[in-house]
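Okay, here's what each chain looks like letter by letter:
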Amino acid sequence: MPTFSNPVLAGSRPDPSVCRVGEDFYLVTSSFAYYPGLPVHHSRDLVDWRPLGHVVDRPSQVSLTGLDVSDGLWAATVRHHEGTFYVVVTLARGRRGSTTYLFTASDPAGPWSDPVALDAEGIDPSLLFDDDGRCWFTACRDAAEPEVTGPGELWLRELDLDTLELTGPVHALWYGALRGAWVEAPHLYKRDGVYHLIAAEGGTEHHHAVTAARADSVTGPYTTDPRSPLLTHRHRGAAEPIHNVGHVDLVDTPAGETWAVALGIRPTEGTHTLGREVFLVPVEWTDRGPVFAPETGRVGLSERRPAGLASAPAVPDGPVRDDFAGGSLDPEWSSLRGPVDHLVSPDSAEGGLTIRLSPEPLTSTGTPAFIARPQQHLRMRAATRVRLTAPAPTQEAGLVVFQNDRRHATLALTVGSDGTLRVVLTAVEAGTATRLAAVPVTGSEVVLAVDSDESAYTFHVEDDSRTTVGSVERPFFSTERAGGFVGVHLGLYGTSGTGEGEARVRWFEYAPSLAGNDG
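Residues numbered from 1 in each chain as written. Predicted model: local features only at pLDDT ≥ 70, side-chain atom pairs only at ≥ 80, totals over all residues. Heavy atoms only, no water.

## A closer look at the overall build of the chain
In step 1: Regarding its fold elements, the chain presents 2 helices and 39 strands.
In step 2: Taking the principal axes of its C-alpha atoms as reference, the chain extends roughly 75 × 50 × 45 Å.
In step 3: Relative to its full complement of 519 residues, the chain shows a buried share of 58%.
In step 4: Of the contacts made within the chain by residues no fewer than 6 positions apart, 59% connect residues no fewer than 24 positions apart.
In step 5: As displayed, the chain has an accessible area near 19,600 Å², and 48% of this comes from carbon and sulfur atoms.
In step 6: The positive charge centre, built from 42 side chains, and the negative charge centre, built from 67, are 3 Å apart in the chain. (Helix = DSSP H or I, 4+ residues; strand = E, 2+ residues; numbered from the N terminus. Buried < 20%, exposed > 50% of the residue type's maximum accessible area, 1.4 Å probe, protein only. Contact = heavy atoms within 4.5 Å. Areas by Shrake-Rupley, 256 points an atom, 1.4 Å probe, with all protein chains shown as cover. Lys, Arg positive; Asp, Glu negative; His and termini not counted. Charge placed at Lys NZ, Arg CZ, Asp CG, Glu CD.)

## Description of the sheet that holds strand E13 (residues 152-160)
In step 1: A sheet is described by the order of its strands in space; here 4 strands give the open sequence E11-E12-E13-E14, paired in antiparallel fashion. Both outer strands of the open sheet, strand E11 (123-129) and strand E14 (165-174), are each paired with one neighbouring strand and no more. On average, each strand axis in the sheet is tilted by 25° relative to the strand beside it, whichever way the strands run. (Pairing = 2+ DSSP bridges. Axes fitted to C-alpha atoms, helices over the stretch in contact; angles between N-to-C directions.)

## Section: the packing of aromatic side chains
Any pair of aromatic rings gets described here by the distance separating the centres and the angle formed by the planes.
In step 1: Under the definition given, this model contains 12 aromatic pairs.
In step 2: With 5.6 Å between their ring centres and 85° between their planes, tryptophan 74 and phenylalanine 485 make a pair best called edge-to-face. Here tryptophan 74, found in strand E7 (residues 72-81), pairs with phenylalanine 485, found in the loop between helix H2 (479-482) and strand E38 (489-496); they are 411 residues apart in sequence, far enough to count as distant.
In step 3: A relative accessible area of 8% places tryptophan 74 in the buried class. (Phe/Tyr/Trp six-rings, centres within 6.5 Å; stacked < 30°, edge-to-face > 60°.)

## Let's talk about the sheet that holds strand E9 (residues 96-105)
In step 1: Here 4 strands make up an open sheet; going across it, the order is E7-E8-E9-E10 and the pairing antiparallel. Either end of the sheet is taken by a strand with one partner, and the two such strands are E7 and strand E10 (116-118). With strand direction ignored, the average angle separating the axes of adjacent strands in the sheet is 25°.
In step 2: Of the strand pairs in this sheet, strand E8 (residues 84-93) and E9 are connected by 9 bridges, and their pairing is antiparallel. Bridge pairing links threonine 90 to threonine 100 in E9.

## What about the nonpolar core?
Soluble globular proteins tend to pack their nonpolar side chains together in the buried interior.
In step 1: Ranked by internal contacts, the top residues of the largest apolar core, which has 45 residues, are Ile355, Val423, Phe459, Leu492 and Phe508.
In step 2: Among the nonpolar cores identified, the runner-up in size contains 32 residues, and Phe32, Trp136, Val218 and Tyr493 belong to it. (Core = buried A, V, L, I, M, F, W, Y, C linked by side-chain atoms within 4.5 Å.)

## Things to note about unusual backbone geometry
In step 1: Note that the residue after glycine 220, namely proline 221, is joined by a cis bond; omega there is 10°.
In step 2: Looking at the element boundaries, proline 221 is found in the loop between strand E17 (209-215) and strand E18 (223-224).
In step 3: The omega torsion across serine 228 and proline 229 is 0°, close enough to zero to call that bond cis.
In step 4: Position of proline 229 relative to the elements: it lies in the loop between E18 and strand E19 (231-232).
In step 5: Of note, glutamate 82 is a non-glycine position whose phi angle comes to about 50°, a positive value.
In step 6: Inspection of the secondary structure assignment puts glutamate 82 in the loop between E7 and E8.
In step 7: For threonine 394, which is not glycine, the phi torsion reads 80° and is therefore positive.
In step 8: Mapped onto the fold, threonine 394 is located in the loop between strand E30 (380-389) and strand E31 (395-404).
In step 9: Accessibility expressed as a relative area gives 48% for threonine 394, which makes it partly exposed.

## What about the pairing of E30?
Within a regular strand, side chains alternate between the sheet's two faces.
In step 1: One ladder, built from 8 bridges, connects E30 with strand E35 (residues 445-452); its direction is antiparallel. Each bridged residue has a counterpart across the sheet, and for valine 386 the counterpart in E35 is valine 446.
In step 2: As paired strands, E30 and strand E39 (residues 502-512) are joined by 10 bridges and run antiparallel to one another. Opposite alanine 382, over in E39, you have tyrosine 510 as the bridge partner.

## Concerning the side chain of asparagine 6
In step 1: When you line up the elements, asparagine 6 lands in the loop between strand E1 (3-5) and strand E2 (17-21).
In step 2: According to the relative accessible area criterion, asparagine 6 is buried, its value standing at 6%.
In step 3: A polar contact is formed between the side chain of asparagine 6 and the backbone oxygen of glycine 300, at a distance of 2.9 Å.
In step 4: Those residues in contact with asparagine 6 that sit more than four places away from it in its chain are Val278, Phe279, Leu280, Val299, Gly300 and Leu301. (Polar contact = N/O pair within 3.5 Å; in protein donor to acceptor, adjacent residues only side chain to side chain.)

## Comments concerning the pattern of salt bridges
In step 1: What the rule picks out here adds up to 41 salt bridges.
In step 2: Ionic pairing is found between aspartate 71 and arginine 95, a salt bridge with its closest N-O pair at 3.4 Å. Placement of aspartate 71 in the loop between strand E6 (50-56) and E7 and of arginine 95 in the loop between E8 and E9 is noted, with a sequence separation of 24 residues between them.
In step 3: Residue aspartate 71 is classed as buried on the basis of its relative accessible area of 4%.
In step 4: For arginine 95, a relative accessible area of 34% gives the class partly exposed.
In step 5: Close ionic contact of arginine 141 with glutamate 121 constitutes a salt bridge, the shortest N to O distance being 3.1 Å. (Salt bridge = Lys/Arg side-chain N within 4 Å of Asp/Glu carboxyl O.)

## A closer look at the side chain of threonine 495
In step 1: Considering the arrangement of structural elements, one finds threonine 495 in strand E38.
In step 2: Residue threonine 495 is classed as buried on the basis of its relative accessible area, which comes to 14%.
In step 3: Setting aside residues no more than four positions away along its own chain, threonine 495 makes contact with Leu357, Ser358, Glu360, Pro361, Thr394, Gln395 and Glu396.

## Quick word on the environment of alanine 172
In step 1: Residue position: alanine 172 is located in strand E14.
In step 2: Along the primary structure alanine 172 and lysine 190 are separated by 18 residues, whereas in three dimensions their C-alpha atoms are 18 Å apart.
In step 3: Aside from chain neighbours lying at most four places away, what touches alanine 172 is Glu153, Leu154 and Trp155.

This is the structure in structure tokens:
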């Protein structure tokens, strides 16, 4: 029987939502304060996903200015109805829902509309298009009487598809199966006349779980599925390769199967650096409701492929080399809080990348001269060839292992007050920078590299020879140490105290290490 390997989208791609149109599947994930926002992926087999574009690709759509890296665009839902794609999403500030936006498009590759702000509180919005043509909006919010019902409430209101406004009464649907826990991530599905409300409880960490309720009417009353939790790994031991499983969305295939996309993490000795990733799980419908992973009851690293779907050409899980030819960045690259076209620009004629050094540091909540892509493998190597043009003191450019603005490490080509070039390794913790090591170099153009494994990130410079500059323990970059909701991104950056100067990047390479490619 043909199988595939989980996760189907590796690296920091949390809160997956999926829909199908004909033989095509479309997936949207959270992007937080990274820009462009809300990446859209396409697949024909639910296993091999390719980037298609972004919902938010114009700064006029949503302002991310000043936001923490783990705030921003949270937990979108994508749906399709009568030729139109819909995405609803929460903009979070200070770890709370601030505004709920609705975007539409005729083509999931874009362009997507300017957003409509909905009169909705809370987070994790979703849509159900019912058989009668009506559309129902759900989300989660603080309960009015938490001491009675529990801390969270799932609620529902009708969405008028002509005006794109919420209308009619608000219906409180459910307070979760675990009354002491916050209930979130609601999705409604109708099956054989029954409405199934699937949600997440237990927080997004180790106790994350999928729970459910059902009703004969969309407005309720909803009865808790006594089997809840329907899917969780919170009861499994430390040797379990996948943890924090939850936040599912369901989709039917043309062959009549149902599959769920779920988030999960792959920890190493209790900490994880890759962020929350997308896993694919089979679902079987019974008289009692959905059964997740019916043969095993758990999310596995290997699973049978969906039946009846032609296998697409596999997305390469090997080395990536970007010469920045073509005049535009690959969609895997992102910046922080807004576009950096004025700071980071590919050369369409010769290839390579020009970084205009900015006074905005990586420790700010602004938009520095910085681009990055998610780390996807625990064991990997990333490298870049960079040159400073007419280097001067206060200028630096190079490679960054970025967890957030308060926790990251840089390997930078810079120049000392005596005019000599050197490569400096710096770690930033709680916003405070500590120089760990420095080595002199003979030329203004060098190769900077970082290798990661279970224990550490080790930084090298390749000038006339390969020199190890230093290392930082892997848990330093973990979500458990840093907090927040994102995984490590590997990036390029350039800063200057005066805002003057340029750096030239010839290429960037990323490759899983040969000694193990299982994450």
